[in-house]
Every structure is written in structure tokens, then in C-alpha cells.
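# Residue-level structural notes
The residues making up each chain are set out below.
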Amino acid sequence: MFYELALTLARELYPEPKKKGEKTKWTDLNRAILAVEIERLIREDGKSVSRAANCLAAREPWTSFLRGNDSNETTPDPGEALRRSYYQIVDDRLVRMLNIIFETFETSGRINQWDKYVEDFLQNPCNFLSNNKNTL
């Protein structure tokens, strides 16, 4: 009886360390890129944030980005995941800065290059800056 009591008390006082979870794929930078892309769709097509998020969720590179790391399953509602991520950063200064960069690409007629950068960043965020430092 004392053995069980000692084990119970020990488990309460010294719980087993929690396992580290999977690293999140969302960073401030890819949330800011998402915000720029959603705002771009809102300006171009007059969509709401929800409709723009659903539209992005249905196209590459966002579909692949939302797909699970080790599986082919996507989140139950990918548009909702994008919408929530958008609202987490929409008023951030990083979004304002990226909007200025996007407008530079837009006014110089380099939208295709911007789209390529977004795709490259979502696919290889760790290598993005080192691969593109001379072209940004």
C-alpha cells in the first residue's frame, strides 16, 4: 500500500516530461506573405477575407504548404486555417513592409517573379534567403 502511495505522489511531484510537439510551419514571415496574398485577392477581385483564403487554399503553393509534413492529408478546412493565420498578423509592420515590396514588383511588371518568390519560400523557407540574396 505504501509503495502505491509513494508512486502516486512521485508521479504528481515529478511528472514525466512532455514530448516535444511537431514544429509549427507558421512563422511571422509566411503569415505576412499570406496576408499580402489575401489582400492582393481582395484588391483584384473584391473578395472577402474568407473567400480569398478559400481561393488561396485551393491553389498551389498554398495547398502543398497546408498539407501535413508526413502525410498527404490536409487540414479539415484549409481555407479556415489560412483565414485564422491572416487575422493573427494582419496589422503587423512586417505585412506593411511586404505590401510595399509587393507594390514595387507590381509597378515594375514583375508579378510573375513575386509569385515565384512566394512559391520558393513556401517550399524551402530555410534556403530561400541564401538562394535569392542577389535577386531580391
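Here, the structure is the one placed above.
Our subject in this report is the structure included herewith. (Residues numbered from 1 in each chain as written. Predicted model: local features only at pLDDT ≥ 70, side-chain atom pairs only at ≥ 80, totals over all residues. Heavy atoms only, no water.)

It is worth spelling out the overall build of the protein at this point. Secondary structure summary: the protein contains 8 helices and 0 strands in total. Listed N to C, the secondary structure of the protein is α-α-α-α-α-α-α-α in terms of helices and strands. Per-residue burial for the protein yields a buried fraction of 32% across its 136 residues. For the protein, the share of sequence-separated contacts (at least 6 apart) that also reach a separation of at least 24 residues comes to 60%. In the form shown here, the protein has an accessible surface area of approximately 9700 Å², with 52% of it arising from carbon and sulfur atoms. (Helix = DSSP H or I, 4+ residues; strand = E, 2+ residues; numbered from the N terminus. Buried < 20%, exposed > 50% of the residue type's maximum accessible area, 1.4 Å probe, protein only. Contact = heavy atoms within 4.5 Å. Areas by Shrake-Rupley, 256 points an atom, 1.4 Å probe, with all protein chains shown as cover.)

Another point: the packing of helix H2 (residues 28–45) against helix H5 (residues 78–89). Each pair of packed helices can be described by the angle between their axes along with the distance between the axes. Between H2 and H5, the shortest axis-to-axis distance is 9 Å and the interhelical angle comes to 105°. One way to sum up the angle between H2 and H5 is to call them roughly perpendicular. Contact residues: H2 offers Asp 28, Arg 31, Ala 32, Leu 34, Ala 35, Ile 38 and Glu 39, while H5 offers Leu 82, Ser 85, Tyr 86, Gln 88 and Ile 89. Of the residues in the contact of H2 with H5, the class split is 7 nonpolar, 2 polar and 3 charged. (Axes fitted to C-alpha atoms, helices over the stretch in contact; angles between N-to-C directions. Parallel < 35°, antiparallel > 145°, perpendicular 65-115°, else oblique. Nonpolar A, V, L, I, M, F, W, Y, C, P; charged D, E, K, R; others polar.)

Residues Leu 34, Ile 38, Trp 62 and Leu 82 are the most contacted members of the largest nonpolar core, which totals 30 residues. Of all the elements in the fold, those that place two or more residues in this core are H2, helix H3 (49–57), helix H4 (62–66), H5, helix H6 (93–107) and helix H7 (111–123). It is H2 that contributes the most residues to this core, 7 residues altogether. If sequence neighbours within four positions are ignored, Ile 38 has contacts with Val 49, Ala 52, Ala 53, Leu 56, Leu 82 and Tyr 86. (Core = buried A, V, L, I, M, F, W, Y, C linked by side-chain atoms within 4.5 Å.)

The tally for this structure, following the rule as stated, stands at 6 aromatic pairs. Taken together, a centroid distance of 5.1 Å and an interplanar angle of 70° make the contact between Tyr 86 and Tyr 87 edge-to-face. Residue classification places Tyr 86 among the buried positions, given a relative accessible area of 6%. Taken together, the ring pairs connect Phe 102, Phe 105, Trp 114 and Tyr 117 into an aromatic cluster. Sitting over the ring of Phe 105, Arg 110 keeps its end group 4.3 Å from the ring centre. (Phe/Tyr/Trp six-rings, centres within 6.5 Å; stacked < 30°, edge-to-face > 60°. Lys NZ or Arg CZ within 6 Å of the ring centre and 35° of its normal.)

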